[in-house]
Amino acid sequence: MDKWFSEMVADYKLPEALAEELRDVGFVVMTGPLIWKEVSDFAAAYDLAVRAAHPDDVSIGRTSIRVNDFVNRGPEFDCLYVYGPLLATCCSIIRQPFKLSTMHARTVLPYSSAQALHVDFREKDGWPMVGFIIMVDDFLADNGATRFVPGSHFWPNDPTDVMQDPTTDYEGQVLACGRAGSIIIYNGSIWHGHTANVTARPRRSIQGAYIRRNAQAAVNQATRILPDTLSRIGSLAKYLLDLPAEKCVDLTASR
Ligand SMILES: O=C(O)CCC(=O)C(=O)O
C-alpha cells in the first residue's frame, strides 16, 4: 500500500454531513484554504501571475481566459492543492492513490454568456476525478457562478446526449455561490459549467483536478516544476505532483 495514501486516509476526514453531500449531490461549497483577510492579497497575486504568464500558457476562450500551471506561479498558491478537506475527498471518491492533474486560473469575462453544461470526466468503468474551484471573487448569481445538476454524476449520459443546447438552464440545476476564498469540491462526473456573467467585472478562480495516480495527468509536473517551487514545497506536495525524486534533483541542479 502507498504510504502517503494510507497516511492521508488516516489523517484527513470530511465532516460526515459534507461527505454525504458530496456522495449524493456531487459537490460541496465550503471554507477554503485562505483566511478571509488574505483574500485581497491573494487576488492581487492572482492578477500579477496572470499578467506575467507566457502567452503559450494562456488560452483565450469565448467566455473565459485560462492560464495554466498555478503550481509554479508563486508561494501564495502552494497551499491550495494540499488542502486537507480536498485530499479527504480524493481519498473517498478516488479510493486509491491519486495525484494532481492540473491547477490553473480561469477568469470568466465580463458580459459573457453561460458555458455549456458538461462533465469533466466520465468513463464506463467509472474512472473517478475530483475537481476543485477556489473563488478569488465572490461567486454570485449574476457574475458567472458555477452551476451544477445535483445527482447527475450517477447518470449514464452527458448533457449533449439529452439537451439540444447545453448552454440553457437545466431543470433542478443549482448555483454554487459563495464568498471569495471559498472552495467548491466536486465529483468530475457531475454536470456543471459557469453561468452568464452579466456584470462589468471578471469572475476569477483557481481550478484543478485530481485523478488516479496511474492515469495520464493533463500537465506533466516533472517537466514543468521550477527550482523555486521545489525549494519551498513539502514532501506531501511533491508526492501529489508525482515528482520522481531523482528528476527533482536533476532539475534543481540544472537551473
Ligand atoms: O469556471 C467555472 O465555473 C467552471 C469551469 C468549468 O467547468 C470548465 O472550464 O470545465
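Before we go on, may I ask you to explain the overall build of the chain in this structure?
For the chain, the helix and strand inventory stands at 9 helices and 10 strands. Against the 2.2 N^0.38 benchmark of 18 Å for 255 residues, the chain shows a C-alpha radius of gyration of 18 Å, consistent with a compact globule. The principal-axis extents of the C-alpha atoms in the chain amount to approximately 55 × 40 × 35 Å. In the chain, which comprises 255 residues, the share counted as buried stands at 53%. Summarising the internal contacts of the chain: among those between residues at least 6 apart in sequence, 86% fall at separations of at least 24. Surface exposure of the chain reaches about 11900 Å², of which carbon and sulfur atoms provide 53%. The centroid of the 25 positive side-chain charges in the chain is displaced by 3 Å from the centroid of its 30 negative side-chain charges.

Please clarify how the site of the ligand should be interpreted in this entry.
All residues in the neighbourhood of the ligand are listed as Arg-106, Gln-115, His-118, Asp-120, Thr-146, His-192, His-194, Arg-203 and Gln-207. The contact in question runs from an oxygen atom of the ligand to an N or O atom on the side chain of Thr-146, over 2.6 Å. Residue Arg-203 places a side-chain N or O atom 2.8 Å away from an oxygen atom belonging to the ligand. Here the ligand loses 91% of its free accessible area of 290 Å² to cover by the protein chains. Elements that contribute at least two residues to the shell around the ligand include exactly β9 (192-194) and β10 (203-212). The residue makeup of the shell around the ligand, split by class, is no nonpolar, 6 polar and 3 charged.

Please clarify how the nonpolar core should be interpreted in this entry.
Proteins that are soluble and globular tend to have nonpolar side chains buried together. In terms of nonpolar packing, the biggest core is built from 52 residues, with Phe-77, Tyr-81, Phe-98, Met-103, Ile-206 and Tyr-210 touching the most fellow members. Here this core takes 7 residues from helix α4 (residues 84-94), the largest share from any one element. Excluding its chain neighbours within four sequence positions, the residues that come into contact with Phe-98 are Phe-5, Met-8, Leu-87, Cys-90, Cys-91, Tyr-210, Ile-211, Arg-212, Arg-213, Tyr-239 and Leu-240. Counting 10 residues, the second-largest nonpolar core is a separate cluster that includes Phe-27, Phe-148, Ile-184 and Tyr-186.

Honestly, the packing of aromatic side chains in this entry has me stumped. Any pointers?
The description of an aromatic ring pair rests on the distance of the ring centres and on the angle between the ring planes. Throughout the structure, instances matching the rule amount to 12 aromatic pairs. Ring geometry for Phe-42 against Phe-77: centres 5.4 Å apart, planes inclined by 65°, an arrangement best described as edge-to-face. Placement of the pair is Phe-42 in helix α3 (residues 39-52) and Phe-77 in the loop between β3 (64-67) and α4, with a sequence separation of 35 residues. Considered together, Phe-42 and Phe-77 belong to a single accessibility category, that of buried residues. Seen from their ring centres, Trp-155 and Tyr-170 are 6.1 Å apart, and the 55° between their planes marks the pair as tilted.

Can you help me understand the sheet that holds β10 in this one?
Hydrogen bonds between backbone atoms are what pair the strands of a sheet, whose relative direction is either parallel or antiparallel. Reading across the sheet, the 7 strands line up as β1-β8-β5-β10-β4-β3-β2 and stay open at both edges, with antiparallel pairing between neighbours. Each of the sheet's edge strands pairs with one partner strand only, and the pair in question is β1 (27-30) and β2 (58-60). For this sheet, the mean angle separating the axes of adjacent strands, direction not counted, is 20°. Pairing of β1 with strand β8 (residues 183-187), which is carried by 4 bridges, proceeds in the antiparallel orientation.

I keep staring at the sheet that holds strand β7 (residues 174-176) and nothing clicks. Help me out?
The strand order across the open sheet built from 3 strands is β7-β6-β9, with neighbouring strands paired in antiparallel fashion. Only two strands of the sheet have a single partner each, and these edge strands are β7 and β9. Ignoring which end each strand starts from, the neighbouring axes of this sheet average 30° apart. Note that strand β6 (residues 146-148) and β9 share 3 bridges and pair antiparallel. Looking at β9, one finds that Phe-148 is bridged to His-192.

What's the story with the side chain of Ser-205 in this structure? I'm lost.
With respect to the helices and strands, Ser-205 occurs in strand β10. On the basis of relative accessible area, Ser-205 is assigned to the buried category, the value being 0%.

Where do I start with the pattern of salt bridges in this structure?
Two side chains carrying opposite charge are able to pair once their charged atoms lie near each other. According to the stated counting rule, one finds 10 salt bridges in the structure shown. In this structure, Lys-99 engages Asp-242 in a salt bridge whose closest nitrogen and oxygen atoms are separated by 3.6 Å. Taken together, the residues span a long stretch of sequence, with Lys-99 in strand β4 (residues 98-108) and Asp-242 in the loop between α8 (235-240) and α9 (245-254) at a distance of 143 residues. On the basis of relative accessibility, which here comes to 32%, the residue Asp-242 falls in the partly exposed class. Residue Arg-204 pairs with Asp-137 through a salt bridge whose shortest N-O separation is 2.7 Å.

Here is what the cut-offs are and how they apply
Residues numbered from 1 in each chain as written. Predicted model: local features only at pLDDT ≥ 70, side-chain atom pairs only at ≥ 80, totals over all residues. Heavy atoms only, no water. Helix = DSSP H or I, 4+ residues; strand = E, 2+ residues; numbered from the N terminus. Rg over C-alpha atoms; globule rule 2.2 N^0.38 Å. Buried < 20%, exposed > 50% of the residue type's maximum accessible area, 1.4 Å probe, protein only. Contact = heavy atoms within 4.5 Å. Areas by Shrake-Rupley, 256 points an atom, 1.4 Å probe, with all protein chains shown as cover. Lys, Arg positive; Asp, Glu negative; His and termini not counted. Charge placed at Lys NZ, Arg CZ, Asp CG, Glu CD. Near = heavy atom within 4 Å. Polar contact = N/O pair within 3.5 Å; in protein donor to acceptor, adjacent residues only side chain to side chain. Nonpolar A, V, L, I, M, F, W, Y, C, P; charged D, E, K, R; others polar. Core = buried A, V, L, I, M, F, W, Y, C linked by side-chain atoms within 4.5 Å. Phe/Tyr/Trp six-rings, centres within 6.5 Å; stacked < 30°, edge-to-face > 60°. Pairing = 2+ DSSP bridges. Axes fitted to C-alpha atoms, helices over the stretch in contact; angles between N-to-C directions. Salt bridge = Lys/Arg side-chain N within 4 Å of Asp/Glu carboxyl O.

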